Every structure is written in C-alpha cells, then in structure tokens.
Amino acid sequence: NKRMDMSDSKMRKITIDHECFRLAFDRDVDYHDPHPLSTYLNVDSGDIIYVYEDDEDACTEGIPADDNRAMREGIEAAPEHYLEIPGLHHGDHHKILREFLDSDWTEDEETRSEARNMYFGSIGGWKKSLDDKSIFESFCDFRDDKTKQLAVEFLRGNGIEPQWR
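Residues numbered from 1 in each chain as written. Predicted model: local features only at pLDDT ≥ 70, side-chain atom pairs only at ≥ 80, totals over all residues. Heavy atoms only, no water.

A. Examining the environment of arginine 156 more closely. Looking at the secondary structure, you find arginine 156 in helix 8 (residues 133-157). Owing to a relative accessible area of 42%, arginine 156 belongs among the partly exposed residues under this scheme. Considered as a pair, arginine 156 and serine 103 are 53 residues apart in the sequence and their alpha carbons are 25 Å apart. When neighbours within four sequence positions are excluded, arginine 156 is seen to be in contact with Met11 and Glu161. (Helix = DSSP H or I, 4+ residues; strand = E, 2+ residues; numbered from the N terminus. Buried < 20%, exposed > 50% of the residue type's maximum accessible area, 1.4 Å probe, protein only. Contact = heavy atoms within 4.5 Å.)

Here it is, written out as structure tokens:
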C-alpha cells in the first residue's frame, strides 16, 4: 500500500471537462480530421486546445490564422505545459466494436448472435443493418465506458489523475 500512496502523490490532479476531452480523445483521426491538426491538454488550466498544422486550414474552420499561429508557437515555446492528445485511429474504433460483440452485453443469445452476424468490417454498415436499434444504443454505452477507461489510462500513463467535471 505504501507504494500506491507514493505513485498517487506523483500524480498531478487536473480538473478536465470530460466532454471536451472526450471529443478530442475519441475522434477518429483517420476520418474526422478534415485538415491535419493536433489537440493538447493544457496541464495548468485543464483546457483542451486544437491547433491546425497549417494556419490557412484554421481559417477554413473559422479560426483566425494569427490565433492558430500564436497557439502553436505558445505550445512550442513551453511544451512542458501541454500534453498532446492522440485521438483514436479507425482500427481502435473497430476493436472496441469487436470487444462489445464478444462481451456479455445481453443475456439474449439470439440478439447477441444477430449483432455479431451483422458486422462485416464496417461500423456504419453494421449500424444500418441492425433491426433492433437498442443494440446500437448498448454499443454506444459500451463504447463510451471503454473510451473513458482508455482516456484515464492515457492520462495516468502521463502522470495525470483526471478530475472530471
């Protein structure tokens, strides 16, 4: 128990808006980012920051180029105050769906079998093929719990104990 106390004391407690962090962490970087961008957690304030690689791309997303440039330069000048949030890759989202399909999310074997049989490698196709929409709702609950767990593991792996708000 002494060892756990020591690791807890090294953990930096940071208050983070869970929904803002979730949007950055859960995004499918292979499909959802129309322009190359990076997301960061400001470890002092708990704020989530989006920075486009190209200032002109920021403009097309409604962010003034000067603001984007200033944010990027601020992060480059003081990287110890920021933690890059990687986002999930498309394969990670498929892995979560496969974990859901292999889990005991329902006691109804027929429903579980229907859900498994409808998945052929496309999450969108799987969702559309389901007659019982409660299956997708169950998946969403499973996915939200799983990505929250992954987010906590990511943050703890970087010495941060999140205090969700």
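B. Spatial organisation of the pairing of strand 3 (residues 48-52). When you tally the buried positions in strand 3, you get four out of five residues, the bulk of the element. The sheet contact formed by strand 2 (residues 37-42) and strand 3 spans five bridges and is antiparallel. Bridge pairing in strand 3 places tyrosine 40 opposite isoleucine 49. Adjacent in sequence and paired antiparallel, strand 2 and strand 3 are bridged by five residues, among which glycine 46 carries a positive phi angle near 85 degrees. (Pairing = 2+ DSSP bridges.)

C. Structural view of the nonpolar core. Ranked by size, the top nonpolar core spans 29 residues in total, and within it Phe21, Leu41, Leu97, Phe100, Trp126 and Leu155 carry the most contacts. Counting only elements with at least two residues in this core, the list comes to strand 1 (12-16), helix 2 (18-26), strand 4 (82-85), helix 5 (90-102), helix 7 (123-129) and helix 8. Examining the composition of this core, we find that seven residues originate from one element, helix 8, more than from any other. With sequence-adjacent residues up to four places away left out, phenylalanine 21 is seen in contact with Ile16, Ile48, Ile85, Ala151, Phe154, Leu155 and Trp164. Among the nonpolar cores identified, the runner-up in size contains five residues, and Tyr40, Val51, Ile75 and Tyr82 belong to it. (Core = buried A, V, L, I, M, F, W, Y, C linked by side-chain atoms within 4.5 Å.)

D. Molecular detail of the pattern of salt bridges. A complete count under the given rule lists twelve salt bridges for this structure. Across the salt bridge formed by aspartate 144 and arginine 143, the nearest N and O atoms sit 3.6 Å from each other. Salt bridges sharing common partners tie together Asp55, Asp66, Arg69 and Arg72. (Salt bridge = Lys/Arg side-chain N within 4 Å of Asp/Glu carboxyl O.)

E. Inspection of the environment of leucine 23 at higher detail. Tracing the sequence through the fold places leucine 23 in helix 2. Residue classification places leucine 23 among the partly exposed positions, given a relative accessible area of 46%. Along the backbone, leucine 23 and glutamate 84 are 61 residues apart, and their C-alpha atoms lie at a distance of 14 Å.

So yeah, pure geometry; function would need other evidence.
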